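# Notes for the structure review
Okay, here's what each chain looks like letter by letter:
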Amino acid sequence: MSFDLVLFGGTGDLTWRKLMPALFQAWRHGKLPTGGRILAVARDDRDDAGYRDWLHERLQAAESAKRPTEEEYAQFAQRVHYLRMDLSQAGDYAQLQDWLARRPGGEADTVVMYLATSPHLFPVICEQLGASGLNHGRVRVVLEKPLGHDLASAQAINRAVGAVFSERQALRIDHYLGKPSVQNLMALRFGNALFEPLWRRESIAHIQITLAECLGVGTRGDFYDRTGALRDMVQNHALQLLTMIAMEPPSSADADAIRDEKLKVLRSLKPFDAASVARDVVRGQYRAGTVQGAAVRGYLEEDKVPAGSQTETFVALRCEVQNWRWAGVPFYLRTGKRMSSYHAEIVVSFRPTPHSIFPGSQQPNQLVIRLQPEDGLELRLMAAQGGLNAAGMGAVQEALTPVSLDLDFHKAFASERVGAYERMLLDALAGRLNLFVRSDEQEQAWRWVEPILDAWRQDPTGPRPYAAGTWGPAAASALVARDGFAWSEEG
């Protein structure tokens, strides 16, 4: 397959930190189609050679296992090109059109326009692409988050994109869906008979989704202050994970069959009002503290963060899916910056046995789906050690001990695994839509989140403070304890 991949925002952080390293790894793994060109587009005055030198310097900063050798980079860089463009100027799109047409061997089978720019540029880029005839059937456009800052702005972007590209041409990316362990959620649920009979309110007590970071906002203080944790993580990543956990079995592996079921979950979420936001949502903002032994400053002391900001860096919330499968089962979502550790996981806690014949307390069974930094599955069970106790009694009279069955996906499939962006880029080139978000999903997620934003605007108290290096405000623990449960690290 021949392809042209055009990266708008070709000198931006996303391109050199995520997209180009992912493309290089796809090439190194032999998965990038051979007949392809990569075109970086930006306003900087460079040529191909200058851009390749600039990119080489940045790829050399990668961890050693992912760093290209000189020979590797020389081969990969032959695919990389650069075009200077002002994205607001129609004439510059004519240059792009000309570049795409001047292709050895004829036009590419597929052209992917990847918009790694600020979302406010999405409408003008799409409009200009349409006016230049670069929206034909072989073209797809990839849209990076955040797609809007509320429902109205998301709908405006979708209308602008939809005026130029069909729904199947518009790929809204959520890189969490490209993580191997997230893809394994589908295999776990619908490729194995073991869990499906238990995957319902009769057997499951509650479900937790945690997306924790130990980093602060870094140099992105101005961007983050306009966004916050709810928009940055909950509206997209956390809700997408929730839909994959809670969805009904799709009729097939077709992209729309899967996305139809995810949309049903989003529509089944119990809506928030001012009272339920006050009761079931906790927002926080980190203060100075210690993270992994190093002293760090608070959010209000970070670069480019305005004084007195009330932007949240932490959110914990309780929600319910109002359908027959999940009625009464609380789902707890939690995300934050400057937390105790960097990890993302889903914890499914099962109900206790109805009657215990063993002495001592017993922990409920749990299925832990680890997403990062390592990914895998852990099934937590209770077991007897098998010896005699002090009274000489056997196992039935012995207190049980927690044990785990642990599957490390990285060890099991090390040679076959690809990173999230690598997978998403390869799927975009191949036209596989399963892991991309449809516009009605995205808008329904905004529709559910928006009452929280509205309630916060009316609440003068602002976010609760929490020390960097902790698990967030104490109110987040109280939120779960109110139902008789605890966060996984507290249990």
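If you're wondering where the values come from, they're calculated on a predicted model, not measured in any experiment. (Residues numbered from 1 in each chain as written. Predicted model: local features only at pLDDT ≥ 70, side-chain atom pairs only at ≥ 80, totals over all residues. Heavy atoms only, no water.)

Here we come to the environment of Arg 84. The residue Arg 84 is located in strand β3 (residues 80–84) in this model. C-alpha of Arg 84 to C-alpha of His 355: the two residues are 271 residues apart in sequence and 71 Å apart in space. Not counting residues up to four positions away in its chain, the partners in contact with Arg 84 are Ala 42, Arg 43, Asp 44, Asp 45 and Gln 95. A polar side-chain atom of Arg 84 sits 3.1 Å from the main-chain carbonyl oxygen of Arg 43. (Helix = DSSP H or I, 4+ residues; strand = E, 2+ residues; numbered from the N terminus. Contact = heavy atoms within 4.5 Å. Polar contact = N/O pair within 3.5 Å; in protein donor to acceptor, adjacent residues only side chain to side chain.)

With that settled, the discussion passes to the sheet that holds strand β7 (residues 204–212). Within a beta sheet, neighbouring strands are joined by backbone hydrogen bonds and run either parallel or antiparallel to one another. Taken in spatial order, the nine strands line up as β16-β15-β14-β13-β7-β12-β11-β8-β17 in an open sheet, and their pairing is mixed. If you trace the sheet from one side to the other, it starts and ends with β16 (401–408) and β17 (464–467), each paired once. Across the sheet, the mean angle separating the axes of adjacent strands is 20° when strand polarity is ignored. Here strand β13 (residues 343–350) runs beside strand β14 (residues 366–372); their pairing, made up of six bridges, is antiparallel. The residue of β14 that forms the bridge with Ala 344 is Gln 372. Relative to the sheet, helix α8 (residues 221–246) contacts β7, β11 (314–320), β12 (330–336), β13 and β14, its axis offset from that of β12 by approximately 145°. Contacting β8 (281–287), β11, β12 and β17, helix α14 (residues 474–481) runs over the sheet at an angle of about 15° to β11. (Pairing = 2+ DSSP bridges. Axes fitted to C-alpha atoms, helices over the stretch in contact; angles between N-to-C directions.)

This next bit is on the packing of aromatic side chains. Counted by the stated rule, this structure contains twelve aromatic pairs. Relative to Trp 448, the ring of Phe 272 lies with its centre 5.1 Å away and its plane at 50°, an arrangement referred to as tilted. Here Phe 272, found in the loop between α9 (255–268) and α10 (274–280), pairs with Trp 448, found in helix α13 (residues 439–457); they are 176 residues apart in sequence, far enough to count as distant. Overall, the relative accessible area of 4% leaves Trp 448 in the buried class. Their ring planes at 75° and their centres at 5.4 Å tell us that Trp 326 and Phe 331 sit as a pair that is edge-to-face. Neither Trp 326 nor Phe 331 differs from the other in exposure class; each is buried. Taken together, the ring pairs in this structure connect Phe 24, Trp 27 and Phe 76 into an aromatic cluster. The ring of Trp 99 has Arg 37 sitting right over it, with the charged end atom 3.8 Å from the ring centre. (Phe/Tyr/Trp six-rings, centres within 6.5 Å; stacked < 30°, edge-to-face > 60°. Buried < 20%, exposed > 50% of the residue type's maximum accessible area, 1.4 Å probe, protein only. Lys NZ or Arg CZ within 6 Å of the ring centre and 35° of its normal.)

We now examine the pairing of β13. Most of β13 is tucked away: eight of the eight residues are buried. A two-sided burial pattern is seen for β13, the buried positions comprising His 343, Glu 345, Val 347 and Ser 349 on one face and Ala 344, Ile 346, Val 348 and Phe 350 on the other. Note that β7 and β13 share eight bridges and pair antiparallel. Looking at β13, one finds that Ile 207 is bridged to Val 348.

Attention now goes to the packing of helix α1 (residues 13–28) against helix α2 (residues 48–59). Packing of α1 against α2 brings their axes to within 10 Å, and their N-to-C directions diverge by 85°. Put simply, α1 runs roughly perpendicular to α2. In this structure, α1 contributes Thr 15, Trp 16, Met 20 and Pro 21 to the contact, and α2 contributes Tyr 51, Trp 54, Leu 55, Arg 58 and Leu 59. Residues that form the contact of α1 with α2 fall into these classes: seven nonpolar, one polar and one charged. (Parallel < 35°, antiparallel > 145°, perpendicular 65-115°, else oblique. Nonpolar A, V, L, I, M, F, W, Y, C, P; charged D, E, K, R; others polar.)

Below, the discussion takes up the environment of Asp 483. Examined against the element boundaries, Asp 483 turns out to sit in the segment after α14. C-alpha separation for the pair Asp 483 and Trp 16, spaced 467 residues apart in sequence, amounts to 45 Å. With sequence-adjacent residues up to four places away left out, Asp 483 is seen in contact with Arg 318, Pro 330 and Tyr 332. Within the local environment of Asp 483, its side chain forms a polar contact with the side chain of Arg 318, the two groups lying 2.7 Å apart.

Membership of the largest hydrophobic core comes to 114 residues, with the highest contact counts inside it found for Tyr 114, Leu 242, Phe 331, Ile 346 and Leu 367. Broken down by element, the residue count for this core peaks at twelve residues, all from α8. Not counting residues up to four positions away in its chain, the partners in contact with Tyr 114 are Leu 5, Val 6, Leu 7, Phe 8, Leu 14, Leu 19, Val 142, Glu 144, Ile 173, Tyr 421 and Leu 425. Judged by nonpolar contacts, the second largest core, of 29 residues, contains Leu 96, Leu 100, Leu 134 and Phe 165. (Core = buried A, V, L, I, M, F, W, Y, C linked by side-chain atoms within 4.5 Å.)

Take the side chain of Gln 25 next. By secondary structure assignment, the location of Gln 25 is in helix α1. Among residues more than four places away in sequence, those in contact with Gln 25 are Lys 66 and Glu 422.

Turning our eyes to something else, we now look at the environment of Phe 8. Relative to the elements of secondary structure, Phe 8 occurs in strand β1 (residues 2–8). A relative accessible area of 0% means that Phe 8 is categorised as buried. Linking Phe 8 and Asp 174, residues 166 residues apart in sequence, is a C-alpha distance of 18 Å. Every residue in contact with Phe 8, bar those within four places of it in the chain, is listed here: Val 41, Met 85, Leu 87, Tyr 93, Leu 96, Met 113, Tyr 114, Leu 115, Ala 116, Thr 117, Ile 125 and Leu 129.

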